Amino acid sequence: MKTIEVKLYSFDELSEEAKEKALSKWAYSENYFWGDDAIKSIEKFMEHFNCSFDNYEIDWCEKYRNSFKITIPEYMENISEDELKEYILSMGSFNPNTLNGHGDCKFTGYCADEDVADGARKAFFAGERNLHDILYAGYESWYTSVNADYEYQQTIEFYADHCEMNDYYFTENGEMY
């Protein structure tokens, strides 16, 4: 029988070079943690307006790689301004000065609900009345938020906290044990 002794280190105990190696390997293998929740938010937002978010491919890192289709049923194409305003107001409470939501998260209960609603609300109160453009403004606001969250997920700061919370250990060179 042989016994092998291996020294293990918490993330904080690693050298800077080993931390970079550990983060790089992890970031390469992981996708956006909250991607499924974020997608549900935008899908439910579209459903709120009786529309759908179809044929999508979302790249959390590079917006130009995204593709999707916003499907608007014919009966929604020419809704009145009053009807549109009712849809906007029913997305949750908001600050009338900033137009940012108060955290109601009406679509799924996930925080990306507020980001998508904020974009649509701001477009409407800026004078936009085209439903497609309002929905696209919601998408833009949503993507800006989830992209920033994804980028934060790729930082040493986030990964250090993640490792600590999950009791991850590494060899001296940054390989996860």
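Trainee: Which parts of the structure should I look at to understand the pattern of salt bridges?
Mentor: A side chain of one charge can pair with a side chain of the opposite charge if their charged atoms are brought near each other. Here the structure, examined in full by the defined rule, presents nine salt bridges. D118 serves as the salt-bridge partner of R121, at 2.8 Å between the closest nitrogen and oxygen. Of this pair, R121 and D118 both sit in helix α5 (residues 112–125), three residues apart, which is roughly one turn of the helix. In terms of burial, R121 and D118 fall into one category: buried.

Trainee: Sorry if this is basic, but what is going on with the environment of T71 here?
Mentor: Tracing the chain through its elements places T71 in strand β2 (residues 67–71). Between the alpha carbons of T71 and D54 there is a distance of 7.0 Å; along the sequence they are 17 residues apart.

Trainee: Even after reading the chapter, I still don't get the packing of aromatic side chains, so can you show me in this structure?
Mentor: In this description, an aromatic ring pair is defined by two values, namely the gap between the centres and the angle between the planes. In total, this model carries 29 aromatic pairs according to the counting rule given. An angle of 85° between the planes, with centres 5.3 Å apart, marks the rings of F33 and W34 as edge-to-face. Looking at F33, the relative accessible area reads 32%, which means it is partly exposed. Relative accessible area serves as the criterion here: at 29%, W34 is assigned to the partly exposed category. Summarising the aromatic geometry, the rings of F53 and Y56 are spaced 5.3 Å apart at their centres and angled 25° between planes, so their arrangement reads as stacked. For Y56, a relative accessible area of 32% translates into the label partly exposed.

Trainee: Teacher, can you tell me more about helix α2 (residues 35–48) here?
Mentor: Counting along an α-helix, one turn takes 3.6 residues, and residues three or four places apart therefore face a common direction. In this model α2 runs 20 Å from its N-terminal to its C-terminal C-alpha over 14 residues, within 8% of the 20 Å that 1.5 Å per residue would give. Along α2, the residues that are buried comprise G35, A38, I39, S41, I42, E43, F45 and M46. Check the buried side of α2 and you find it contacts β1 (52–57), β2, α5 and α6 (131–153). Backbone geometry just after α2 places N50 at a positive phi near 60°.

Trainee: Explain a negative patch on the surface here, please?
Mentor: Residues D12, E13, E157, D161, E164 and D167 make up a contiguous surface patch of negative charge. Take E164: it is sitting in helix α7 (residues 156–165).

Trainee: Please explain unusual backbone geometry as it appears in this structure.
Mentor: Glycine aside, negative phi is the norm for most residues, and most peptide bonds take the trans geometry. Here N55, not a glycine, exhibits a phi torsion of approximately 50°, which is positive. Mapped onto the fold, N55 is located in strand β1. Of note in this structure, D167 is not a glycine but carries a positive phi near 55°.

Trainee: It is not clear to me how the environment of E114 should be interpreted in this structure. Could you clarify?
Mentor: Structurally, the position occupied by E114 is in helix α5. Between the alpha carbons of E114 and L8 there is a distance of 42 Å; along the sequence they are 106 residues apart. The contact partners of E114, leaving out residues within four places of it in the chain, are G101, H102, G103, D104 and C105.

Trainee: Explain the nonpolar core here, please?
Mentor: If you look at the biggest cluster of nonpolar residues, it comprises 35 residues, and the most contacted ones within it are F45, F49, W60, L135 and W142. Among the elements of the structure, α2, α4 (81–89), α5 and α6 are those that each provide at least two residues to this core. The element that contributes the greatest number of residues to this core is α6, accounting for eight residues. Ignoring sequence-local partners within four residues, the contact set of L135 consists of F45, M46, F49, C51, I70 and I72. Judged by nonpolar contacts, the second largest core, of twelve residues, contains F11, L14, C163 and F170.

Each value, and the rule that gives it
- Residues numbered from 1 in each chain as written.
- Predicted model: local features only at pLDDT ≥ 70, side-chain atom pairs only at ≥ 80, totals over all residues.
- Heavy atoms only, no water.
- Salt bridge = Lys/Arg side-chain N within 4 Å of Asp/Glu carboxyl O.
- Helix = DSSP H or I, 4+ residues; strand = E, 2+ residues; numbered from the N terminus.
- Buried < 20%, exposed > 50% of the residue type's maximum accessible area, 1.4 Å probe, protein only.
- Phe/Tyr/Trp six-rings, centres within 6.5 Å; stacked < 30°, edge-to-face > 60°.
- Expected span 1.5 Å × (residues − 1).
- Contact = heavy atoms within 4.5 Å.
- Patch = residues over 30% accessible without salt bridge, like charges linked within 9 Å, V, L, I, M, F, W, Y side chains within 5 Å.
- Areas by Shrake-Rupley, 256 points an atom, 1.4 Å probe, with all protein chains shown as cover.
- Lys, Arg positive; Asp, Glu negative; His and termini not counted.
- Charge placed at Lys NZ, Arg CZ, Asp CG, Glu CD.
- Core = buried A, V, L, I, M, F, W, Y, C linked by side-chain atoms within 4.5 Å.

Everything listed here is a matter of geometry and, on its own, says nothing about what the molecule does.
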